[in-house]
Amino acid sequence: VAYDLRRLAASFPHLPELRRALGVVDLFQCARHAYPTCPRKKYSSLVRITEFVLHSALSKKEQVSDWSMRPLRQSQREYAALDALVLVRILDVMLLESCLASHA
């Protein structure tokens, strides 16, 4: 996560907020703690953790598309939105499962 934040800050020097990002959640660290007996390969990428936690496939096809071209295609905008939304949904499910497990 720290590496990604440094790259973002370098790419967008006009956004100083990126150099002091607070409240960042490392989803893969959360998964490691939420599923300690699960092999790490099950949550080693966003595609895998989406399959493991949400039982859904996440296409990364648009990841390698040309993001410098404007306007972005509808499929790119949908990819970006889903890529962000799935993170929140995964964290919600992990927190719910953790709460249910602690009350079992």
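Residues numbered from 1 in each chain as written. Predicted model: local features only at pLDDT ≥ 70, side-chain atom pairs only at ≥ 80, totals over all residues. Heavy atoms only, no water.

Inspection of every chain in the model, using the stated rule, returns two aromatic pairs. When the ring of Tyr35 is compared with that of Phe52, the centres are 5.0 Å apart and the planes differ by 90°; the resulting orientation is edge-to-face. Linking Tyr35 in the loop between helix H2 (27-34) and helix H3 (46-54) with Phe52 in helix H3, this pair joins segments that are 17 residues apart in sequence. (Phe/Tyr/Trp six-rings, centres within 6.5 Å; stacked < 30°, edge-to-face > 60°. Helix = DSSP H or I, 4+ residues; strand = E, 2+ residues; numbered from the N terminus.)

Taken together, Leu82, Leu85, Leu87 and Val88 make up a surface patch of nonpolar side chains, about 350 Å² in accessible area. Relative to the helices and strands, Leu82 resides in helix H4 (residues 74-102). (Patch = residues over 30% accessible without salt bridge, like charges linked within 9 Å, V, L, I, M, F, W, Y side chains within 5 Å. Areas by Shrake-Rupley, 256 points an atom, 1.4 Å probe, with all protein chains shown as cover. Salt bridge = Lys/Arg side-chain N within 4 Å of Asp/Glu carboxyl O.)

The computed volume of the largest pocket comes to approximately 1000 Å³. Considering the residues around the largest pocket, the lining is formed by 21 residues, among which Asp4, Leu5, Leu8, Leu46 and Leu87 are closest to the centre. Secondary-structure elements contributing two or more residues to the lining of the largest pocket are helix H1 (2-11), H2, H3 and H4. By residue number, the principal contributor to the lining of the largest pocket is H1, which donates five residues. (1 Å grid on protein atoms, 1.4 Å probe; cavity = no way out; pocket = protein on both sides within 12 Å on 5 of 7 lines; lining within 4 Å. Points joined across faces, edges and corners; volume = space filled by probe spheres on them.)

Across the protein chain, the average pLDDT comes to 90, with 99% of residues at or above 70. Within the protein chain, no element has a lower average pLDDT than H1, which sits at 85, and none a higher one than H3, at 95. (pLDDT = per-residue confidence, 0-100.)

It is worth spelling out the environment of His55 at this point. When you line up the elements, His55 lands in the loop between H3 and H4. Spatially, the C-alpha atoms of His55 and Arg89 are 12 Å apart, while their sequence positions differ by 34 residues.

What follows concerns the state of the cysteines. A covalent bond bridging the sulfur atoms of two cysteines is what the word disulfide describes. The tally for this structure, following the rule as stated, stands at zero disulfides. Looking at Cys30, it has no disulfide partner, and the nearest cysteine sulfur is the one in Cys99, 13 Å off. Residue Cys30 is classed as partly exposed on the basis of its relative accessible area, which comes to 27%. Cys38 takes part in no disulfide bond, and the closest cysteine sulfur to it belongs to Cys30, at a distance of 14 Å. Using a relative accessible area of 13% as the deciding quantity, one classes Cys38 as buried. (Disulfide = S-S within 2.5 Å. Buried < 20%, exposed > 50% of the residue type's maximum accessible area, 1.4 Å probe, protein only.)

On to the side chain of Ser65. With respect to the secondary-structure elements, Ser65 resides in the loop between H3 and H4. Residue class for Ser65 comes out buried when judged on its relative accessible area of 17%. A distance of 3.0 Å separates the side chain of Ser65 from the side chain of Gln76, its partner in a polar contact. Ignoring anything within four residues of it in the chain, the contact list for Ser65 reads Arg73 and Gln76. (Polar contact = N/O pair within 3.5 Å; in protein donor to acceptor, adjacent residues only side chain to side chain. Contact = heavy atoms within 4.5 Å.)

A separate point is the packing of H2 against H4. Following both chains from N to C, one finds H2 and H4 inclined at 20°, their axes separated by 11 Å at the closest point. As summarised for this structure, H2 and H4 are arranged roughly parallel, according to the angle between their axes. The handedness of the crossing between H2 and H4 comes out as left-handed. Where H2 approaches H4, its residues Leu27, Cys30, Ala31 and Ala34 are matched on the opposing element by Leu87, Ile90, Leu91 and Met94. Considering only residue class, the contact of H2 with H4 consists of eight nonpolar, no polar and no charged. (Axes fitted to C-alpha atoms, helices over the stretch in contact; angles between N-to-C directions. Parallel < 35°, antiparallel > 145°, perpendicular 65-115°, else oblique. Left-handed = near helix turned anticlockwise from the far one by under 90°. Nonpolar A, V, L, I, M, F, W, Y, C, P; charged D, E, K, R; others polar.)

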